[in-house]
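As a plain string of letters, each chain reads:
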Amino acid sequence: MHVPIEPNLLVKLAMLLRTKSVSAAAEALGVSQPSVSRALARLRDELKDPLLVRHGNSMVLTPRSEELLDRLDRWLVHTADVIHQQSFDPGTLERRFQIGSTDFGVLSVLRPALAEIREEAPGVSVQIVPLDWSAHSTLAEGAVDLVISGLDSDPAQLHRHLLFTDRFACMMKPEHPLSGGADEPLTLDEYLACPHLGMTVSDARFDRINQLLGCHSSRRKLALVAPYFSLAPELVEGDMLLTLPERAARHYGAIHGNPYRLAPQELGTMEYWLLWHERSHRDPASQWLRERLVEACVAAE
């Protein structure tokens, strides 16, 4: 069976054919003349051709060498591109990124960063896809590049960066009996006495509020359940309460004219994360996009 020629021999051959001199090739490669001479002998044997022949005081290429010269030059260029990564320039980037997120994630994380992303990388497009419960699988398979999520994730399986921590708030109609403008959070009894508009997250239809309520979740009366943060405020009616992150309540409340109060302290807080897989951890374009999203969240604080 034929054994392929070692890459280091091909590098020496390329330099020999360019310089037409053992000593010049050795100097250019930073190796000894005997090592280049030994390489030339091996190459002559491997390729069944003298490659370089003496003509007066110089060496000339054989027809086989002339045939190989351009091909070797192209191989060296491609090899250098593989080994030595070019510096990253977002201005020349042509790429579509897919980000798994809810509409709240788009509002809170992508929207503040979008202008800078577009300015720095006009050739980039971003496609938002519905949040998938199995973020690890979709990231590992390359179905999405990043995930913006408030769902629990395993740091042993994914890289992650904490974007922000938020409190929960309860949006209501202006005429709601609890809307009174009090700065104090609702009590748990006040909260559970009202009908609720529930929010589900991801394809698993996960209701975080029920999880946080634990043993009290059976007392929560769900009048309606929706998967869209942006649509939910329009569905609040009568004495219903809508529980959502405070920054979402602040944003949508200003649009729809609905007041909000802080949710019961028993619900705690919510951490929002940027998630990615090891497969894209060192990719310069992915690193650039992650940095823009993180910086936008820091600036918005």
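Everything below is about the structure shown above.
Residues numbered from 1 in each chain as written. Predicted model: local features only at pLDDT ≥ 70, side-chain atom pairs only at ≥ 80, totals over all residues. Heavy atoms only, no water.

Enquirer: So what about the overall build of the chain? Which residues, and what values?
Expert: Across its full length, the chain carries 11 helices and 11 strands. A compact globule built from 301 residues should have a C-alpha radius of gyration of about 19 Å, whereas the chain, at 32 Å, is more than 25% larger. Taken along its principal axes, the extent of the C-alpha atoms in the chain is 105 × 40 × 25 Å. Going through the 301 residues of the chain one by one, you find that 45% of them count as buried. Partitioning the intrachain contacts of the chain with sequence separation of at least 6 by distance along the chain shows that 75% fall at a separation of at least 24. Accessible surface computed for the chain: about 16200 Å², of which carbon and sulfur atoms make up 52%. The chain carries 30 positive and 40 negative side-chain charges, and their two centres are separated by 8 Å. (Helix = DSSP H or I, 4+ residues; strand = E, 2+ residues; numbered from the N terminus. Rg over C-alpha atoms; globule rule 2.2 N^0.38 Å. Buried < 20%, exposed > 50% of the residue type's maximum accessible area, 1.4 Å probe, protein only. Contact = heavy atoms within 4.5 Å. Areas by Shrake-Rupley, 256 points an atom, 1.4 Å probe, with all protein chains shown as cover. Lys, Arg positive; Asp, Glu negative; His and termini not counted. Charge placed at Lys NZ, Arg CZ, Asp CG, Glu CD.)

Enquirer: Give me the lowdown on the packing of helix α1 (residues 7–19) against helix α3 (residues 33–47), citing residues and values where you can.
Expert: Where α1 contacts α3, the axes come no closer than 10 Å and their chain directions differ by 100°. In this view, α1 runs roughly perpendicular relative to α3, as classed from their interaxial angle. Contacts between α1 and α3 involve Leu9, Lys12, Leu13 and Leu16 from the first element and Ser35, Val36, Ala39, Leu40, Arg42, Leu43 and Leu47 from the second. Grouping the constituent residues of the contact of α1 with α3 by class yields 8 nonpolar, 1 polar and 2 charged. (Axes fitted to C-alpha atoms, helices over the stretch in contact; angles between N-to-C directions. Parallel < 35°, antiparallel > 145°, perpendicular 65-115°, else oblique. Nonpolar A, V, L, I, M, F, W, Y, C, P; charged D, E, K, R; others polar.)

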